[in-house]
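# Structural overview for review
Here is how the chains run, residue by residue.
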Amino acid sequence: MIEKKLSSQSIYKGKLIHVRKDQVVYEDGHKTEREVVDHDPAVVILPFYDASNIVLIKQFRYPINQTLIEAPAGLINTGESPLDAAKRELKEETGLSAKTWISVGESYPAPGFCNEYLYFFLATHLSKSSKSLDKDERIELISCDDKTLNNWILNRKIIDAKTQLSFYFFKDYLKGHHEI
């Protein structure tokens, strides 16, 4: 089931993504094309004070022309560890810092065409800091409890996959850690 790359053609190179078309060959000799979106790795953070106070963000997403409720997230800078990126992104997008960080999972969100890789963190024991949004970000903070977040996911108010997966990791983590 291995595919070997024969050639690669760059289609587009932008600030966030690089699109290429690769010629590949299967083990049986059949050749085909693959369109690939190269994307830097990113972090996703679900910050919470406790199960009754989870912090999310609301922002407009131009590619789908919708305002979404999401977990804070962002790209990992070159040379930056996932944890350092998570700490930076949490502060930038929410104005919060966390004393406790828990790495809870990793995922490819769309491996059929994109190589983006996500690192998921829970952040707790929060304290207020100062927000420093990127120039192209407009973000509003939203707080909810775990039951509301669950209902928002089930009722399709939250349709962002990384936020849905963050909540799954959050619920799984809380099963074994009742002291939070």
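Scroll up for the structure.
Presented here is a report on the structure given in the accompanying data block. None of these values were measured; they are calculated from a predicted model.

## Points about the side chain of Glu 93
By the secondary structure assignment, Glu 93 is in helix α1 (residues 82–94). For the buried Glu 93, no salt bridge is present, and the opposite-charge side chain at shortest range is Arg 61, 6.1 Å distant. Polar contacts involving the side chain of Glu 93 include one to the main-chain amide nitrogen of Ala 73, which spans 3.3 Å.

## Overview of the environment of Thr 100
Mapped onto the elements of the fold, Thr 100 is located in strand β8 (residues 96–107). Residue classification places Thr 100 among the partly exposed positions, given a relative accessible area of 26%. The spatial distance from the C-alpha of Thr 100 to the C-alpha of Tyr 49 is 11 Å, given a sequence separation of 51 residues. Ignoring sequence-local partners within four residues, the contact set of Thr 100 consists of Leu 122, Ala 123, Thr 124 and His 125.

## Regarding the layout of surface pockets
The volume enclosed by the largest pocket comes to roughly 1500 Å³. Taken together, 41 residues line the largest pocket, and the ones lying closest to its centre are Leu 16, His 39, Arg 61, Leu 75 and Glu 116. Listing elements by their share of the lining of the largest pocket, those giving two or more residues are β3 (31–39), β4 (42–50), β5 (53–61), β6 (66–70), β7 (73–75), α1 and α3 (161–176). Looking at the lining of the largest pocket element by element, the count peaks at four residues for α1. Among the residues making up the lining of the largest pocket, the classes are represented as 21 nonpolar, five polar and 15 charged. Considering only enclosed or pocket space, the second largest pocket measures out at about 240 Å³ in volume. Lining the second largest pocket are 13 residues, and of these Arg 20, Arg 34, Val 36, Pro 111 and Gly 112 lie nearest its centre.

Definitions and cut-offs
- Residues numbered from 1 in each chain as written.
- Predicted model: local features only at pLDDT ≥ 70, side-chain atom pairs only at ≥ 80, totals over all residues.
- Heavy atoms only, no water.
- Helix = DSSP H or I, 4+ residues; strand = E, 2+ residues; numbered from the N terminus.
- Buried < 20%, exposed > 50% of the residue type's maximum accessible area, 1.4 Å probe, protein only.
- Lys, Arg positive; Asp, Glu negative; His and termini not counted.
- Salt bridge = Lys/Arg side-chain N within 4 Å of Asp/Glu carboxyl O.
- Polar contact = N/O pair within 3.5 Å; in protein donor to acceptor, adjacent residues only side chain to side chain.
- Contact = heavy atoms within 4.5 Å.
- 1 Å grid on protein atoms, 1.4 Å probe; cavity = no way out; pocket = protein on both sides within 12 Å on 5 of 7 lines; lining within 4 Å.
- Points joined across faces, edges and corners; volume = space filled by probe spheres on them.
- Nonpolar A, V, L, I, M, F, W, Y, C, P; charged D, E, K, R; others polar.

Any link to function would need more than the numbers given here.
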